[in-house]
Amino acid sequence: MNVVIDTAQYEARRLRLLRNLKTNAIVIIPSAQETVRSNDTEYSFRQNSDFYYLTGFNEPDCFLVLSNSSTHASTPHTALFLRPKDDFAEIWHGRRLGISDAPRALLLDAAYCVDDIDEILPDMLDGHDYLYYALGDNLPSDDIVQCAMSVCKHAPKQSKQAPASIVDVSRFIHAMRVIKSPQEIALMQQSADISCAAHKAAMTLCKPGVFEYQLEATILYTFAMHGARHAAYNSIVGGGENACILHYVENKDALADGDLVLIDAGSEFQGYAADITRTFPVNGRFSEAQKELYNIVLSTQLSSISQLVPGRTIAEVMKSAVIMITQGLLDLGILKGELNTCIEEEAYKAYFMHGLGHYLGLDVHDVGNYKENGHDRLLEAGMVMTVEPGIYVSKKANVPEKYKGIGVRIEDNIVITRSGNEVLTRNVPKRIEDIEAHMAQNSVKSR
């Protein structure tokens, strides 16, 4: 099923945003700019997520301008500044939508050449009481907006009146983005399915002597072959003690017989991220020590998923996860003392030092508040998040030798539903017997 968010949904988002703001307000949201990688080459362009959420438009150097004013008929309610058509530039750098086609294609009231923004924007600001703009997020755009505000402020003889207040628009957009629409959830399911296929392909390829970067290459290849040209973030492929580095991205070492390998990787499909972690044995069989640590993490993750339902909070489920992991570490002799004391003194943080999960969407660490009015936010249907407990035992840790250098994380993506939740990334094996069976089956096939 090929899900597409249609143009009407982007239009509805813009109108909803305007309804959430004070009256007689103007909104300015810049797109991303191209970023130089080296000399005269650029990184692959990635659109600003807020801009994309409201337009679905993937060109750089644009400004979306929205107004809910009912008194300034000359100001379009929805307008876009964008690059003009240019035959020469398009031969070298690709096609552009162009000014004349933008209103019809994007369901906007008007479109203008971005080269004319300094001349037009002051007139658009004129007479509005509030400017909603994320000052400080995009410095080149800040200069353009502040210049237009200054022109408007210093033109009293032309009867211009600049907005008296500047309000950060981000929190209004981010509040909308936390709750995903059915179409967004369907896209995230596709991104999850692609990522599941990539993780299974990496398990299939894995054996002693394979390099971490070769597993990464398999993952990226699988993403692309299923329609996701880019990863949502730099893939982590950590064999052995490299798994104990939370954001290990060097991915340069050979995988050793008897070690585990931790892969944290997710695709970006039509802008939406997946974020999966699996930890499995390089040779296809877990050792007893590896099983002991792995099962603590797996039991904690399964319990956490069962608790992440409407009306609960991430913070209270995190407390439950801390109890389970701390007790597990005490049972293995990695921690010593009483359960409550270890929790109060945060002794577990030497081995489980990150949170339980995060929101997921257009950004891998997606936007949205985790607290409201000073209290932990209740989970609601339509939220999408990761669930990713882990245990990481440094080789320097004062623990039984058999546990040293083992890192385990298990991460899935879930959508909160009215009755509970649904695991989007359910198609990657994570129980020990399922992982070993998958790797054994594919090891036979590859002979």
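In case you missed it, the structure is sitting above this.
Note that the structure is a prediction, hence the values are computed from the model and not measured.

> Sorry, what's going on with the packing of helix 8 (residues 182-205) against helix 9 (residues 212-225) here?
Any two packed helices are characterised by the angle at which their axes cross and by the distance between the axes. For the pair helix 8 and helix 9, interaxial distance at closest approach is 8 Å and the crossing angle is 145°. Our pair here, helix 8 against helix 9, has a crossing hand that is right-handed. Of the residues in helix 9, those touching helix 8 at Ile194, Ser195, Ala197, Ala198, Ala201, Ala202 and Leu205 are Gln214, Leu215, Thr218, Ile219, Thr222 and Phe223.

> Looking at this structure, how should I read the pattern of salt bridges?
Working definition: two side chains of opposite charge can pair if their charged atoms are close together. Applying the stated criterion to the full structure yields 26 salt bridges. Two residues, Glu59 and Arg83, come together in a salt bridge whose shortest N-O distance is 3.4 Å. Of this pair, Glu59 sits in the loop between helix 2 (49-55) and strand 4 (63-67) while Arg83 is found in the loop between strand 5 (78-82) and helix 3 (87-93), placing the two residues 24 residues apart along the sequence. Arg83 carries the same exposure label as Glu59, and that label is buried. Two residues, Asp101 and Arg104, come together in a salt bridge whose shortest N-O distance is 3.7 Å.

> Please clarify how the sheet that holds strand 13 (residues 272-273) should be interpreted in this entry.
Pairing between sheet strands relies on hydrogen bonds along the backbone, with the strands arranged either parallel or antiparallel. The strand order across the open sheet built from three strands is 9-12-13, with neighbouring strands paired in antiparallel fashion. Of all strands in the sheet, those with a lone pairing partner are strand 9 (230-231) and strand 13, marking the two edges. Direction of pairing for strand 9 relative to strand 12 (residues 267-269): antiparallel, over a ladder of two bridges. The partner of Ala231 across the bridge, within strand 12, is Ser267.

> Sorry if this is basic, but what is going on with helix 9 here?
Every α-helix carries 3.6 residues per turn, so stepping three or four residues along brings you back to the same face. Between its first and last C-alpha, helix 9 extends 20 Å over 14 residues, near the 20 Å set by a 1.5 Å rise per residue. Where helix 9 is concerned, the buried positions are Glu212, Leu215, Thr218, Ile219, Thr222 and Phe223. Buried residues in helix 9, looked at end-on, bunch into an arc of 135°, giving them a common side. Opposite the packed face of helix 9, turned more than 90 degrees from it, sit the exposed residues Tyr221 and Met225. Buried residues along helix 9 sit in contact with helix 8, strand 9, strand 10 (236-239), strand 11 (260-265) and strand 12.

> Help me understand the state of the cysteines, please; the structure alone is not making it clear to me.
Working definition: the covalent bond between the sulfur atoms of two cysteines is a disulfide. Tallied over the full model, the rule gives zero disulfides. There is no disulfide at Cys196, and the cysteine sulfur nearest it, in Cys206, is 18 Å away. What makes Cys196 buried here is its relative accessible area of 1%.

> What is the right way to read the packing of aromatic side chains from this model?
What describes a pair of aromatic rings is the distance from one ring centre to the other and the angle between the planes of the rings. Applying the stated criterion to the full structure yields seven aromatic pairs. Geometrically, the ring pair formed by Tyr132 and Phe172 is edge-to-face, given 5.5 Å between the ring centres and 80° between the ring planes. Taken together, the residues Tyr132 in strand 7 (residues 130-132) and Phe172 in helix 7 (residues 170-178) connect sequence positions 40 residues apart. Phe172 shares its class with Tyr132; the two are buried.

> Before we go on, may I ask you to explain helix 7 in this structure?
Burial of helix 7 is extensive: seven of the nine residues sit out of reach of the surface. All buried positions along helix 7 are accounted for by Ser170, Phe172, Ile173, His174, Met176, Arg177 and Val178. Looking at the buried residues of helix 7, the elements they touch are helix 1 (7-20), strand 1 (25-30), helix 2, strand 7 and strand 8 (165-167).

> Honestly, the sheet that holds strand 10 in this entry has me stumped. Any pointers?
With antiparallel pairing, the three strands of this open sheet are ordered in space as 10-11-14. One side of each edge strand has no neighbouring strand; the edge strands of this open sheet are strand 10 and strand 14 (276-281). Looking at each pair of strands side by side, their axes are set apart by 10° on average, direction ignored. Most of the contacts of helix 8 go to strand 14, to which it runs at about 15°, and overall it touches strand 11 and strand 14.

> Please explain the pairing of strand 4 as it appears in this structure.
On a regular strand, each side chain points to the face opposite its neighbour's, so the side chains alternate between the two faces of the sheet. For strand 4, the buried fraction is high: five of the five residues fall into the buried class. By the alternation rule, side chains of strand 4 split into Phe63, Val65 and Ser67 and Leu64 and Leu66, which are all buried. Of the pairings in the sheet, the one linking strand 1 to strand 4 comprises five bridges and is antiparallel in character. In the strand pairing of strand 4, Ile26 is matched with Ser67.

> How do you make sense of unusual backbone geometry when you look at a structure like this?
With the exception of glycine, the majority of residues adopt a negative phi angle, and the majority of peptide bonds are in the trans configuration. Phi at Asn24 takes a positive value of approximately 60°, unusual for a residue other than glycine. With respect to the helices, strands and loops of the structure, Asn24 is situated in the loop between helix 1 and strand 1. Judged by its relative accessible area of 13%, Asn24 falls in the buried class. Phi at Glu346 takes a positive value of approximately 55°, unusual for a residue other than glycine. Looking at where Glu346 falls in the secondary structure, it is placed in the loop between helix 12 (339-344) and strand 15 (371-372). Residue class for Glu346 comes out partly exposed when judged on its relative accessible area of 40%.

What counts and how
- Residues numbered from 1 in each chain as written.
- Predicted model: local features only at pLDDT ≥ 70, side-chain atom pairs only at ≥ 80, totals over all residues.
- Heavy atoms only, no water.
- Axes fitted to C-alpha atoms, helices over the stretch in contact; angles between N-to-C directions.
- Helix = DSSP H or I, 4+ residues; strand = E, 2+ residues; numbered from the N terminus.
- Left-handed = near helix turned anticlockwise from the far one by under 90°.
- Contact = heavy atoms within 4.5 Å.
- Salt bridge = Lys/Arg side-chain N within 4 Å of Asp/Glu carboxyl O.
- Buried < 20%, exposed > 50% of the residue type's maximum accessible area, 1.4 Å probe, protein only.
- Pairing = 2+ DSSP bridges.
- Expected span 1.5 Å × (residues − 1).
- Arc of directions from axis to C-beta.
- Disulfide = S-S within 2.5 Å.
- Phe/Tyr/Trp six-rings, centres within 6.5 Å; stacked < 30°, edge-to-face > 60°.

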